[in-house]
Amino acid sequence: MLDYEWHDLEIDQIFNVLETSQNGLTSKSASENLKKHGANEISKAQPKTNTQILLEQFANPLIYILIIVALITLVIGHYVDTLVILFIVISNGLIGYFQEIKASKSLTKLDTFLITNCKVLRDKELTEIPATNLALGDIVIIEPGAKIPADLRIIESVDLRIDESILTGESIPPTKNTKTLPKDTVISDRRNIAYSGTFVVSGRGRGVVVAIGENTEFGKIAKSIQLADPPESPLEKELKDLSKQLIYVILATMVVLLIIGFWRKLDAVDMFLTAINLAVSAIPEGLPAVMTITLALGVRAMAQKKAIIRYLPAVETLGAVTLVATDKTGTLTRGEMSIEKIFIPDSQYNIEGDGYTPIGNIELNGEKIKQDEHKALAKLLTAGVLCNDSNLIKEKDEWKIIGDPTEGSITVAAAKMNIIKSEIEEIYPRIDEIPFHTTKRFMATLHKYPGDGDIVAIKGAAEKIITLCSSYYCNNRKISLPAKNKKTIMGKARELSSQGYRVLMLAEKNIETSEKVSEKDLIGATLLGICAMKDSPRREVPLAIQQAHRAGIRVAMVTGDHALTAQSVASNIDISNEPIVDSSNSVITGDILEKMSVAELNKVTKYCNVYSRISPLQKLQLVKQFQKQGHIVAVTGDGINDSAALKQADIGIAMGKTGTDVSREAASMVLANDNFATIIAAISEGRAIYNNIKRVLLYLLSTNIGEIFVIMLPLIIGISLPGKPGEYVLPVLPLQILWINLITDGFAVIPLALEPKHDNIMKSPPRKPNTPILDNVIRWRILLVSLTMALGTTYLFNRELHNSGYEQARTVAFVTMILFQLINMFNCRSLTRSVIDTKIFHNAYVAISFFAAFILTIFAVYSPFFQKIFYTTALSLTQWISIILVSLTVILVVEIEKYFRNRKEKYKI
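Model, not experiment: these values are computed from the prediction.

Procedures and definitions
Residues numbered from 1 in each chain as written. Predicted model: local features only at pLDDT ≥ 70, side-chain atom pairs only at ≥ 80, totals over all residues. Heavy atoms only, no water. Helix = DSSP H or I, 4+ residues; strand = E, 2+ residues; numbered from the N terminus. Contact = heavy atoms within 4.5 Å. Pairing = 2+ DSSP bridges. Salt bridge = Lys/Arg side-chain N within 4 Å of Asp/Glu carboxyl O. Buried < 20%, exposed > 50% of the residue type's maximum accessible area, 1.4 Å probe, protein only. Core = buried A, V, L, I, M, F, W, Y, C linked by side-chain atoms within 4.5 Å. Patch = residues over 30% accessible without salt bridge, like charges linked within 9 Å, V, L, I, M, F, W, Y side chains within 5 Å. Areas by Shrake-Rupley, 256 points an atom, 1.4 Å probe, with all protein chains shown as cover. Axes fitted to C-alpha atoms, helices over the stretch in contact; angles between N-to-C directions. Parallel < 35°, antiparallel > 145°, perpendicular 65-115°, else oblique. Left-handed = near helix turned anticlockwise from the far one by under 90°. Nonpolar A, V, L, I, M, F, W, Y, C, P; charged D, E, K, R; others polar. Phe/Tyr/Trp six-rings, centres within 6.5 Å; stacked < 30°, edge-to-face > 60°. Lys NZ or Arg CZ within 6 Å of the ring centre and 35° of its normal. Polar contact = N/O pair within 3.5 Å; in protein donor to acceptor, adjacent residues only side chain to side chain. pLDDT = per-residue confidence, 0-100. Lys, Arg positive; Asp, Glu negative; His and termini not counted. Arc of directions from axis to C-beta.

Novice: Got a sec to walk through the side chain of Thr382? Specific residues and values, please.
Specialist: Within the element layout of this structure, Thr382 appears in helix 12 (residues 375-386). Here Thr382 is in contact with Ile419, Ile424 and Tyr428, once residues within four sequence places are set aside.

Set out below in structure tokens:
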């Protein structure tokens, strides 16, 4: 790729280097450049192949043990055991594989946000092409609202202002020009370069493409961020540790069982097979697949709510979020400036409406106005659309502003009074203009007037415009503007500003016919009035913030906007400081933050929830400080300059509409609708998913450990055949253990993973960051259920052994173990709620899987084919009644435990 300091070269030099001209490239030369330098795109990280995804399903120590056990059973000739074990391994792997493939497909929807086109000169003709087809040397047409598709050297500029905040962090769009700059000019001061990914605020121009794809400034940052691997989530680490612990427990259990078997002089082969199959049963081999499925289903559910998850473990982390640090513009607010009030010296109008939709009443003193009776208001709005470079368009039933949002708000307000910008511009064509500049703080445009002379429309900062005016309209008449009245009007402007409004003052002046307008021509203008505009909060945001507060989640606004604006928005949406410390500072600004010591910063961040005029570096500093205080932090961002904070956060949230590719790459989640309420919905979903994983883990471990107890308890207490002391027997056979594992684990875990979100999910505080998934409640429940299963099954086995013989007793124990586990599904639907409160049919999958597994159990007991395989016999009605009653004790025992625990607990999940 060509390596030049393009801002240091004259335009003719650039044309020579790139072999192009003012007329652009030919199609042939563009094609050759594309072949030579590649497409204008940032290559994505290489996705996993289907084979890699499949192999990863088996990359788990627990699965390794199952495969080893399968090989052992194959070597010793127990082929049925081998097939059953392999079936368990392969089926779990395939389930995980297909679910992850499905999740990957849902993530590709994100690409739809990235497709952009641009206008270029090709073969001396204006044409529109995909931005990816841009070649070095192309001449790009720069228009208001356009996204710059590559790094461009400006070759033509007319009042061209570009928002570079996503790259440089500067909130004020710089004005671009064609002047050559010194070689050592820093990126943020290169006024003759338009950078890829930035947006045109106003004006127009042309630029020659000097860098594409990964060689743009945007691309260099994107590539560096792409190299970092996503962090391992807390749950991933915990489940890895749990897998290792289970391996040790399982191996120890096998050794103990073999020792007991030899001590009780049982057949060595039978004991070995029992130990192996018990190990198979104890291994929660479905857990990795279930976790993948649960997270993948969460990804799909969140995608439907406009939250796109970039990698699965982020779903779990969302459920632990304790603090959301959010941008204001476009996330808490609509991202659309709208005029709410217009002040004319004798009147104040209220403007109704929603966003950029040009529909809404204009009211005076609470009553809808008759438009032809308010000439002063019509004059103000007419001047507003004349001194204006924005355009209101409708795309796919959605109204949008092309250009500056502030100017767009005037265009929309005028349209509500049937003052249409395009029609007004035909009547008063523009002749000349004084572009807006931060030092001048106003803009003025000269227009042909239908009568004698011309007219100048002026808009800008109130304190600037008021100095130009010598008269004003009052009661539809022009009258003199004395100093006293100026003071009153400026007082109104300050009052509106204090309420969080952005204030613009408008004026006009009739002048003699002229081709040019200068600032001295504006002196003696007539004041028309003041427009007060706001980027209004989204309607759903206050409710979402209330929901977050009820859920124990702290919400902090971190914005680059002014303190008054931030405070106004915060008060409207119920973001307030924590009631910990009394402070005179309701809003902490960037300059205050910069002067703070470490101790002061630690103190302030414990209570302050509104931060304004915050730089990207300070945003990163705040995230780190929140994390030091023990918070799991979610952070929103849309620009390249937000990438560091997004990476540092536990959950980085990028914007799908206004965000950059770079911020999306740095983020864990992308909001397709840029809406704060979607974040809270995603957190709710994350909590539900974590609870479902917890339910599955509780079920698998309680029932699998219960199986170990069932096998070991009769051997430990010495249950033997009637009349044959010392001839000890196993309650179930090795193959029966595999069957129990297959139909209970196989049928139960997926339904529990599909447990619908409970209605009180957002009424409890977030789990503590360091709380293990196997907390004290889970551990105690595992022990309680396992002992209940072991005692109940052993009791029936011993009774039937003396009443009906070994085959009947073994079949009773076999069926009892299955029913215990299936009934325990209903216990696991909630850790604290009663089975009755969880509404049995609220999760139809649990009921369906229960009946399906029960029917298979009936086949295993009564079908001659299955009787030969599993050595079962038919059971009597009396035996079935005993089995059902004993199996139901697991409900009774857990209900009692829940009752006493709930008397101490404040919330339920």
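Novice: I'd like to hear about the pairing of strand 2 (residues 125-130), residue by residue, with values.
Specialist: Note: strand 1 (residues 117-122) against strand 2, 6 bridges, orientation antiparallel. Counterpart to Cys118 in the pairing with strand 2 is Ile129. Hairpin connection, strand 1 to strand 2: the antiparallel pair is bridged by 2 residues, and Asp123 has positive phi, about 55°.

Novice: Any details on the pattern of salt bridges? Residues and values, ideally.
Specialist: Tallying each qualifying case throughout the model produces 22 salt bridges. A salt bridge links Glu407 to Lys459; the nearest nitrogen and oxygen atoms lie 2.7 Å apart. Separated by 52 residues along the polypeptide, Glu407 in helix 13 (residues 405-415) and Lys459 in strand 18 (residues 454-460) bring together distant segments of the chain. Grouping residues by exposure puts Glu407 and Lys459 together as buried. One salt-bridge network, held together by shared partners, links Lys305, Glu685 and Lys757.

Novice: Can you tell me about the nonpolar core, naming the residues and giving the values?
Specialist: Core analysis: the biggest nonpolar cluster contains 137 residues, and Leu318, Val321, Met557, Ile575, Phe676 and Ile683 have the highest contact counts within it. Element by element, the count of residues in this core is highest for helix 24 (residues 676-717), at 21 residues. When near neighbours in sequence (up to four residues on either side) are disregarded, Val321 contacts Ile553, Ile632, Ala634, Ile651, Ile683 and Pro766.

Novice: Lay out a nonpolar patch on the surface with the relevant residues and their values.
Specialist: A surface patch of nonpolar side chains, amounting to about 500 Å² of accessible area, comprises Tyr64, Ile67, Leu71, Leu74 and Tyr79. Looking at the nonpolar patch, the element that brings in the most residues is helix 4 (residues 61-75), giving 4 residues. For Tyr79, the location among the structural elements is in helix 5 (residues 79-107). When its relative accessible area of 51% is taken as the criterion, Tyr79 is described as exposed.

Novice: Describe the environment of Tyr871, listing the residues and the values that go with them.
Specialist: Topologically, Tyr871 is positioned in the loop between helix 29 (864-870) and helix 30 (877-887). In sequence terms Tyr871 and Arg300 are 571 residues apart; their C-alpha atoms lie 44 Å from each other. Sequence-distant contacts of Tyr871, that is, excluding residues within four places in its chain, are made with Leu733, Gln736, Arg810, Thr811 and Phe866.

Novice: With reference to specific residues and values, describe the packing of helix 27 (residues 806-828) against helix 31 (residues 889-902).
Specialist: Viewed as axis vectors pointing N to C, helix 27 and helix 31 meet at an angle of 30°, and their least axial separation amounts to 9 Å. What the angle tells us is that helix 27 and helix 31 run roughly parallel. Considering only the axes of helix 27 and helix 31, their crossing is right-handed. Contacts from Phe820, Ile823, Asn824, Phe826 and Asn827 of helix 27 reach helix 31 at Thr889, Val890, Ile891, Val894 and Lys898. Of the residues that constitute the contact of helix 27 with helix 31, the class distribution is 6 nonpolar, 3 polar and 1 charged.

Novice: Residues and numbers for the packing of aromatic side chains, please.
Specialist: Under the criterion given, the structure shown has 14 aromatic pairs. Considering the side-chain rings of Phe866 and Phe870, the 6.0 Å spacing of their centres and the 10° angle between planes classify their relative orientation as stacked. Remark: Phe870 and Phe866 occur in helix 29; sequence separation between them is 4 residues, near one turn of the helix. Aromatic ring contacts, followed pair by pair, group Trp739, Phe814, Phe865, Phe866 and Phe870 into a single cluster. Across from the ring centre of Tyr501, 4.4 Å away, lies the NZ or CZ of Lys534, which sits over that ring. Of note, Arg810 hangs over the ring of Tyr806, and the distance from its end group to the ring centre comes to 4.7 Å.

Novice: Explain the environment of Ser849 to me, using residue names and the numbers behind them.
Specialist: Residue placement: Ser849 occurs in helix 28 (residues 844-862). Ser849 gets classed as buried once you look at its relative accessible area, which sits at 5%. It is 8.7 Å that separates the C-alpha atoms of Ser849 and Leu822, two residues lying 27 residues apart in sequence. Leave out the neighbours within four places in its chain, and Ser849 touches Phe747, Pro751 and Met825. Polar contacts involving the side chain of Ser849 include one to the main-chain carbonyl oxygen of Val846, which spans 2.9 Å.

Novice: Explain the confidence of the model for the chain to me, using residue names and the numbers behind them.
Specialist: For the chain, per-residue confidence averages 84 on the pLDDT scale, and 90% of positions sit at 70 or higher. Looking at the elements of the chain, mean pLDDT is at its lowest for helix 23 (residues 661-666), recorded as 65, and at its highest for helix 30, recorded as 96.

Novice: Residues and numbers for the sheet that holds strand 24 (residues 588-589), please.
Specialist: Spatially, the 8 strands line up as an open sheet ordered 8-28-27-26-9-23-25-24, and their pairing is mixed. Among the strands making up the open sheet, the edge pair consists of strand 8 (307-309) and strand 24. As paired elements, strand 24 and strand 25 (residues 610-612) share 2 bridges and run parallel to each other. The residue bridging Thr589 from the neighbouring strand is Ser612, located in strand 25. Where helix 21 (residues 616-628) meets the sheet, it contacts strand 9 (323-326), strand 23 (554-558), strand 25 and strand 26 (633-637), and its direction lies at approximately 165° from that of strand 26.

Novice: Before we move on, could you go through the side chain of Arg538 and cite the residues and values that matter?
Specialist: Summarising the element assignment, Arg538 is placed in the loop between strand 22 (525-537) and helix 17 (541-550). Lacking a salt bridge, the buried Arg538 has Glu540 as its closest oppositely charged neighbour, with an N-O distance of 4.3 Å. Within the structure, the side chain of Arg538 is placed 3.4 Å from the backbone oxygen of Thr331, a separation counted as a polar contact. At a separation of 3.4 Å, a polar atom in the side chain of Arg538 contacts the main-chain carbonyl oxygen of Asp674. For Arg538, the contacting residues outside a window of four places in its chain are Gly330, Thr331, Leu332, Thr333, Arg334, Asn673, Asp674 and Asn675.

Novice: How would you sum up helix 2 (residues 27-37)? Please name residues and give values.
Specialist: When helix 2 is considered as a whole, its buried residues turn out to be Ser29, Ala30, Asn33 and His37. For helix 2, the arc enclosing every buried residue in end-on projection is 100°, short of the 170-degree limit, so these residues lie on one face. Among the exposed residues of helix 2, those oriented more than 90 degrees off its buried face are Lys28 and Lys35. Looking at the buried residues of helix 2, the elements they touch are strand 1. Phi turns positive, to about 90°, at Gly38, one or two residues after helix 2.

Novice: Describe the environment of Ala672, with residues and values.
Specialist: Summarising the element assignment, Ala672 is placed in the loop between strand 28 (669-671) and helix 24. The buried category is assigned to Ala672, whose relative accessible area is 11%. Placed 364 residues apart in sequence, Ala672 and Ile308 show a C-alpha to C-alpha distance of 6.9 Å.

Novice: For the pairing of strand 19 (residues 469-474), give the residues involved together with the corresponding values.
Specialist: For strand 19, the buried fraction is high: 5 of the 6 residues fall into the buried class. Across 3 bridges, the pairing between strand 19 and strand 22 is parallel. Paired with Cys469 across the bridge in strand 22 is Ala525. For strand 19 and strand 20 (residues 477-480), the ladder comprises 4 bridges, and the chain directions are antiparallel.

Novice: So what's going on with helix 13? Which residues, and what values?
Specialist: Within helix 13, 10 of the 11 residues are buried, leaving the element largely enclosed by the surrounding structure. Among all positions of helix 13, only Thr406, Glu407, Gly408, Ser409, Ile410, Thr411, Val412, Ala413, Ala414 and Ala415 are buried. Two or three places before Thr406, at the start of helix 13, stands the capping residue Asp404, its side-chain oxygen 2.9 Å from that residue's backbone nitrogen.

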